[in-house]
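Overview (structure and organization)
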Amino acid sequence: MAARKTQAKPNVSADELKQYYRDMLLIRRFEEKAGQLYGMGLIGGFCHLYIGQEAVVVGLEAAAEDGDKRITTYRDHGHMLACGMDPKGVMAELTGREGGYSRGKGGSMHMFSKEKDFYGGHGIVGANVPLGAGLAFADKYKGNDRVTFTYFGDGASNQGQVYETFNMAALWDLPVIFVIENNQYAMGTSQKRSTSTPDIYTRGEAFGIPGEAVDGMDVLAVRDAGAKAVKHCRAGKGPYILEIKTYRYRGHSMSDPAKYRTREEVQKIREEKDAIEHVRDLLLQGNHATEDDLKAIDKEIKAIVNDSADFARESPEPALDELWTDIYADTAPQNA
């Protein structure tokens, strides 16, 4: 792909650019490998890839601080990697192995890391939104100055529980950033056919929640918008909405042939808007890296991803007694 000329000099250091490039590339290479393993039958169930949307989580993680929380739906592998979860544990969970973050019992949509303040992918559309507000409520109650990033998509934006949560978050001035990852097609229907407003973030106006639309294919734009939203929340001004307009290159899940859009449309976005290529161009045009430097980074990332796949294959399946762990209800029979 030919390098695109960047008009404005970005407000970012060379080291930061390289880190964003590395982080986004890790997500993409990981997801490509996950797609391969799914095709080989090593990943079962549903598998929703994040290819194309990498700038969203990488940009927002650049605006986060230690102790901030994040919660999302089922397109969640990128969020895990961006917040520092081990690729080996993520891949092992995808393949249902004991070495996974949920010890092989959760799969693609149900992984958690208390250490990284990652409170899950969730399989029910929109169900994580009130949970995210609950996390923010706990932080406000404790007075610890933390912020919660609550991710959901353009499809989930039409769920009633989202608006109930907006109302409560506004009433209680909760430090929650509602992140709408608008990839334009939800499960398979264009936003133009499913959503009455062209800018979904404006729905927050009814609740007095400020927000903005952001170019989700530009990691620097996402980072800057995230910093603004975080500042708003930490100042005690309540919730904020970021509608990050992005694009997924694959179907909704691995089983989706994505016939509701043309290959030409996808290819056009790849060629003109790809977030990783954008940062690559900034590095080269600013003389922050050479082609050889970037090839070395790619080689390093591929090695990390291949190691995660090897770890997943070598990790055993969960033992039978694992079925009885992490149960928080008394299931013993009661005497009459």
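Quick caveat: nothing in here was measured; it's all calculated off a predicted structure.

How each quantity is defined
- Residues numbered from 1 in each chain as written.
- Predicted model: local features only at pLDDT ≥ 70, side-chain atom pairs only at ≥ 80, totals over all residues.
- Heavy atoms only, no water.
- UniProt positions renumbered as here; feature names shortened; annotations may be inferred.
- Helix = DSSP H or I, 4+ residues; strand = E, 2+ residues; numbered from the N terminus.
- Pairing = 2+ DSSP bridges.
- Axes fitted to C-alpha atoms, helices over the stretch in contact; angles between N-to-C directions.
- Contact = heavy atoms within 4.5 Å.
- Buried < 20%, exposed > 50% of the residue type's maximum accessible area, 1.4 Å probe, protein only.

1. Quick word on the UniProt feature "domain: Dehydrogenase E1 component" (unreviewed entry) in the protein
UniProt feature "domain: Dehydrogenase E1 component" (unreviewed entry): in the numbering of this structure it lies at residues 23–319. In residues 23–319, helix accounts for 45% and strand for 9%; the two terminal C-alpha atoms are 34 Å from one another.

2. So, the sheet that holds strand β1 (residues 69–71)
Taken in spatial order, the 5 strands make up an open sheet running β1-β2-β3-β5-β4, and their pairing is parallel. Bordering the open sheet on either side are β1 and β4 (211–215), each of which pairs with just one other strand. If you compare each strand with its neighbour and ignore which way they point, the axes differ by 20° on average. Summarising the sheet, strand β2 (residues 148–153) and strand β3 (residues 176–182) pair through 6 bridges and their orientation is parallel. Its bridge partner lying in β3, Y151 is registered against V179. In this fold helix α6 (residues 160–171) packs onto β2, β3 and β5 (240–245), with an angle of close to 150° to the strand it touches most, β3.

3. A short note on the environment of E61
Relative to the helices and strands, E61 is located in helix α2 (residues 54–63). Among the residues examined, E61 registers a relative accessible area of 17% and is labelled buried. Residues E61 and A227, 166 residues apart in the sequence, show an inter-C-alpha distance of 9.7 Å. When neighbours within four sequence positions are excluded, E61 is seen to be in contact with R70, A82 and C83.

4. So, the pairing of β5
Taking burial as the measure, the 6 residues of β5 include 5 buried ones, the bulk of the element. With 6 bridges joining them, β3 and β5 adopt parallel strand pairing. Along β5, the bridge assignment pairs V179 with L242.

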